[in-house]
Amino acid sequence: MNPADPDPKVALRFYLQSARDALLWKLEGLSEYDARRPMTPTGTNLLGLVKHVAGVELGYLGDTFGRPHGESLPWLEGAVEDNGDMWATADESREDLVALYRRAWAHADATIEALPLDTVGRVPWWPDGKDEVTLHHAVTRVIADTHRHAGHADILRELIDGAVGMNETNTSLPSSDPGWWERHRERLEGEARRAAER
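Below: a short report on this structure. (Residues numbered from 1 in each chain as written. Predicted model: local features only at pLDDT ≥ 70, side-chain atom pairs only at ≥ 80, totals over all residues. Heavy atoms only, no water.)

Right, let's talk about the overall build of the chain for a bit. Tallying secondary structure elements over the chain gives six helices and two strands in all. Along its sequence from the N terminus, the chain presents helices and strands in the succession α-α-α-α-β-β-α-α. In the chain, buried positions account for 40% of the 198 residues. Put simply, of all contacts in the chain between residues at least 6 apart along the chain, 71% involve residues at least 24 apart. Summed over its atoms, the accessible surface of the chain is roughly 11600 Å², and 54% of this surface lies on carbon and sulfur atoms. One finds the centroid of the 22 positive side-chain charges in the chain at a distance of 5 Å from the centroid of its 34 negative side-chain charges. (Helix = DSSP H or I, 4+ residues; strand = E, 2+ residues; numbered from the N terminus. Buried < 20%, exposed > 50% of the residue type's maximum accessible area, 1.4 Å probe, protein only. Contact = heavy atoms within 4.5 Å. Areas by Shrake-Rupley, 256 points an atom, 1.4 Å probe, with all protein chains shown as cover. Lys, Arg positive; Asp, Glu negative; His and termini not counted. Charge placed at Lys NZ, Arg CZ, Asp CG, Glu CD.)

Our focus in this paragraph is the packing of aromatic side chains. Tallying each qualifying case throughout the model produces five aromatic pairs. Ring centres 6.1 Å apart and planes at 70° place the aromatic pair Tyr60 and Trp126 in the edge-to-face group. Of this pair, Tyr60 sits in helix α3 (residues 46–60) while Trp126 sits in the loop between β1 (120–122) and β2 (132–134), and the two are 66 residues apart along the sequence. Its relative accessible area of 9% is what places Tyr60 among the buried residues. Relative to Trp181, the ring of Trp180 lies with its centre 4.6 Å away and its plane at 80°, an arrangement referred to as edge-to-face. The side chain of Lys51 reaches across the aromatic face of Trp75, ending 4.4 Å from its centre. Over the face of the ring belonging to Trp87 we find Lys51, whose NZ or CZ atom lies 5.8 Å from the ring centre. (Phe/Tyr/Trp six-rings, centres within 6.5 Å; stacked < 30°, edge-to-face > 60°. Lys NZ or Arg CZ within 6 Å of the ring centre and 35° of its normal.)

Our focus in this paragraph is the packing of α3 against helix α5 (residues 135–161). The N-to-C vectors of α3 and α5 enclose an angle of 175°; their axes lie 10 Å apart at closest approach. With respect to each other, α3 and α5 are oriented roughly antiparallel. Contacts from Leu46, Leu49, His52, Val53, Val56, Glu57 and Tyr60 in α3 reach Ala138, Arg141, Val142, Asp145, Thr146, His149, His152, Ala153, Leu156 and Ile160 in α5. The residue inventory of the contact of α3 with α5, partitioned by class, reads ten nonpolar, four polar and three charged. (Axes fitted to C-alpha atoms, helices over the stretch in contact; angles between N-to-C directions. Parallel < 35°, antiparallel > 145°, perpendicular 65-115°, else oblique. Nonpolar A, V, L, I, M, F, W, Y, C, P; charged D, E, K, R; others polar.)

Below, the discussion takes up unusual backbone geometry. Even without being glycine, Asn83 reaches a positive phi, approximately 65°. By the secondary structure assignment, Asn83 is in the loop between α3 and α4 (94–114).

Another point: the environment of Arg157. Position of Arg157 relative to the elements: it lies in helix α5. Residue class for Arg157 comes out buried when judged on its relative accessible area of 9%. Remark: the alpha-carbon pair of Arg157 and Trp126, spanning 31 residues in sequence, is separated by 33 Å. What Arg157 contacts, discounting residues up to four positions off in sequence, is Trp25, Lys26, Leu27, Glu28, Leu30, Gly162 and Ala163.

Judged by nonpolar contacts, the single largest core of 26 residues is most densely connected at Leu23, Leu24, Leu27, Leu46, Leu100 and Tyr101. For this core, the elements supplying multiple residues, two or more each, are α1 (8–25), α3, α4 and α5. It is α3 that contributes the most residues to this core, seven residues altogether. Sequence-distant contacts of Leu27, defined by excluding residues within four places in its chain, comprise Ala35, Leu46, Leu47, Val50, Arg94, Val98 and Arg157. By size, the runner-up hydrophobic cluster in this structure holds 18 residues, among which are Leu12, Val56, Ala108 and Val123. (Core = buried A, V, L, I, M, F, W, Y, C linked by side-chain atoms within 4.5 Å.)

Topologically, Glu92 is positioned in the loop between α3 and α4. For Glu92, a relative accessible area of 17% translates into the label buried. Engagement of the side chain of Glu92 in a polar contact is seen with the side chain of Lys51, the distance being 2.8 Å. (Polar contact = N/O pair within 3.5 Å; in protein donor to acceptor, adjacent residues only side chain to side chain.)

Right, let's talk about the side chain of Asp85 for a bit. Considering the arrangement of structural elements, one finds Asp85 in the loop between α3 and α4. Although Asp85 is buried, it forms no salt bridge, and the closest oppositely charged side chain is Lys51 at an N-O distance of 7.5 Å. A polar contact of 2.7 Å, which involves the side chain of Asp85, links it to the side chain of His52. Residue contacts for Asp85: discarding those within four places in its chain leaves Gly48, Lys51, His52, Trp75 and Leu76. (Salt bridge = Lys/Arg side-chain N within 4 Å of Asp/Glu carboxyl O.)

Spelled out as C-alpha cells, the structure:
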C-alpha cells in the first residue's frame, strides 16, 4: 500500500495497518506475564490493548454497517464487566486474542473495500439520534484509536525491557547508544528542575 495513492481508501488502510502492525510487534518476544501485567495505576497492559482494538474494529467497521462478524466477544455481551475489554484473563490465550485481532482486520478491511466512504452506518452503543456515522468517519476514528493505543504500547514495552521503535526496521530514534540516552535523560531532568525552580 502506498499512502500517496490518490484513492483515499488506500491511504486510510495504510495508516490503519501501520498501527495494527506496530501494536502487535510490541508483544513479540515477551513472556506471558509481561504481555499481560498491568503497567499503570489504571491497569494498562499490552495484551489488553490488543483485545480492546479487536473489539473496536469489529464494532465500528462491522456492526455499525450491518456487517455482522460472527465472533464471540463475551466481554462485550450481556452484563459486561467495566473495562473487561482492556485485559486478558489467564484462560484467554495470547494466540487466540492475536488471531481474533487478525480476523477483525480482515473483516474491517472487507467492509472498507465493499462500501463507499460516504456510506452511513449506525453505531449501536451511541445514543439514538446521535448514532449515525459515515464509513470515512468510522475508519478515521479506528485509525486514531489504534494509533493512540500503539503509543501506549510503545511506552509499556520500553518500561518492560527497553525495546523501542515504530517497527523492527525503523526505530525512528536518533541513537541506539545507551550512553547517549542516559546523557539525554540527565539533561532533560536538569532542565525540568531548572524550570521548576523559576
